[in-house]
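Residue-level listing of the chains:
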Amino acid sequence: MATVVTVTSGKGGVGKTTSSAALAAGLAQAGHKTVVIDFDVGLRNLDLIMGVERRVVFDFVNVIQGEATLNQALISDKRIENLFILAASQTKDKDALTEDGVEKIIEDLEAMGFEYIVCDSPAGIERGATMALHFADHAVIVTNPEVSSVRDSDRILGILQSKSKRAKEGGKVIEHLLITRYDPSRVEKGEMLSMDDVCDILAVKLIGLIPESKAVLKASNTGVPVIMDTESDAGVAYSDAVARFLGEERPLKFLKPKKQGLLQRMLGGND
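Conventions and cut-offs
Residues numbered from 1 in each chain as written. Predicted model: local features only at pLDDT ≥ 70, side-chain atom pairs only at ≥ 80, totals over all residues. Heavy atoms only, no water. Helix = DSSP H or I, 4+ residues; strand = E, 2+ residues; numbered from the N terminus. Rg over C-alpha atoms; globule rule 2.2 N^0.38 Å. Buried < 20%, exposed > 50% of the residue type's maximum accessible area, 1.4 Å probe, protein only. Contact = heavy atoms within 4.5 Å. Areas by Shrake-Rupley, 256 points an atom, 1.4 Å probe, with all protein chains shown as cover. Pairing = 2+ DSSP bridges. Polar contact = N/O pair within 3.5 Å; in protein donor to acceptor, adjacent residues only side chain to side chain. Salt bridge = Lys/Arg side-chain N within 4 Å of Asp/Glu carboxyl O.

## Description of the overall build of the chain
Part 1 of the argument: Looking only at helices and strands, one finds 13 helices and eight strands in the chain.
Part 2 of the argument: Whereas a compact globule of 271 residues would reach a radius of gyration of roughly 18 Å, the chain reaches 18 Å, a difference of no more than 12%.
Part 3 of the argument: Once the C-alpha set of the chain is aligned to its principal axes, its extents read approximately 60 × 40 × 35 Å.
Part 4 of the argument: Looking at the 271 residues of the chain, the share that counts as buried comes to 53%.
Part 5 of the argument: Relative to all contacts within the chain whose residues are 6 or more apart in sequence, the contacts with residues 24 or more apart total 75%.
Part 6 of the argument: For the chain, the exposed surface amounts to about 12500 Å²; the carbon and sulfur share of it is 50%.

Set out below in structure tokens:
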């Protein structure tokens, strides 16, 4: 039985696609056959983050509309065994995503032996987002520690528990919280919500605290999921988040500001 994991947020620019790529890569590294699907029809970015943009021939919508098979559209990751990518269309309208079409793809992926189907949802509540949320078994809510991002995430939680297939059938989507771009020094200065503030507001179990890190931008620009950068704080934090998602207990890291030497302070920056 495949598990559908929807990675979502109310606000754009919080690191949702980066988190989708890292989560999918981490699940595959743990030995689970995993596919990550880009639901952002018209504005696809997942293929860039995954470094497969030149290998996209057929996309998600092509499969739904019967113009290609899943086998033709799925792209296997050359670095991680068990990891596959299904890109979004850049040219089709968002209405090309139909409930029946998406459900058929999920059923077919399950029949192909996939254990995890990670859905990279667009931000907000447009069609691609509601479609990704509809089929969720688990939802990873990605938020920055700022008031507007947390408020929008709270709205998504309400939609998730009222309009998802599980909710309509009397069940419940399992929720997980991922806080990104966390900077403990700014928290101490009162410039950013603390981890406890965010958790109290959203009341969702925290699986990851991802520190602000230059490694995230570097990973995005080079097409390598940041979780593969095992030397960076962000890579370590995403690895811990995947382990917690899979049920492992791990202590939270990066809660305190790093002590920096004079040279680091002059150059400014996190890894």
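From this point, the narrative continues.
## As for the pairing of strand β2 (residues 34-38)
Part 1 of the argument: With five of five residues buried, β2 is to be regarded as a mostly interior element.
Part 2 of the argument: Of the two faces of β2, the one holding Thr34, Val36 and Asp38 and the one holding Val35 and Ile37 are both buried throughout.
Part 3 of the argument: Relative to strand β4 (residues 83-86), β2 is paired through four bridges, and the arrangement is parallel. Residue pairing for β4: Thr34 is matched across the bridge by Leu83.
Part 4 of the argument: Pairing analysis gives five bridges linking β2 to strand β5 (residues 116-120), with the strands arranged parallel. The partner of Val36 across the bridge, within β5, is Val118.

## Observations concerning the side chain of Asp59
Part 1 of the argument: By the secondary structure assignment, Asp59 is in the loop between α2 (46-49) and α3 (60-64).
Part 2 of the argument: Within polar-contact distance, the side chain of Asp59 engages the backbone nitrogen of Val61 at 3.0 Å.

## Some remarks on the pattern of salt bridges
Part 1 of the argument: Going through the model one piece at a time under the given rule, you end up with 12 salt bridges.
Part 2 of the argument: For the salt bridge of Arg44 with Asp47, the shortest nitrogen-to-oxygen distance reads 3.3 Å. Across the pair, exposure class does not vary: Arg44 and Asp47 are buried alike.
Part 3 of the argument: When the shortest N-O distance is used, the salt bridge between Arg181 and Glu212 registers 3.2 Å. Pair noted here: Arg181 is in strand β7 (residues 174-182) and Glu212 is in the loop between β8 (206-211) and α11 (214-222), with a separation of 31 residues, a long-range link.
Part 4 of the argument: Residue class for Glu212 comes out partly exposed when judged on its relative accessible area of 26%.
Part 5 of the argument: Each of the salt bridges in this network shares a partner with another, and the network as a whole consists of Asp240, Glu248, Arg250 and Lys253.

Any functional reading would require information beyond the geometric quantities listed.
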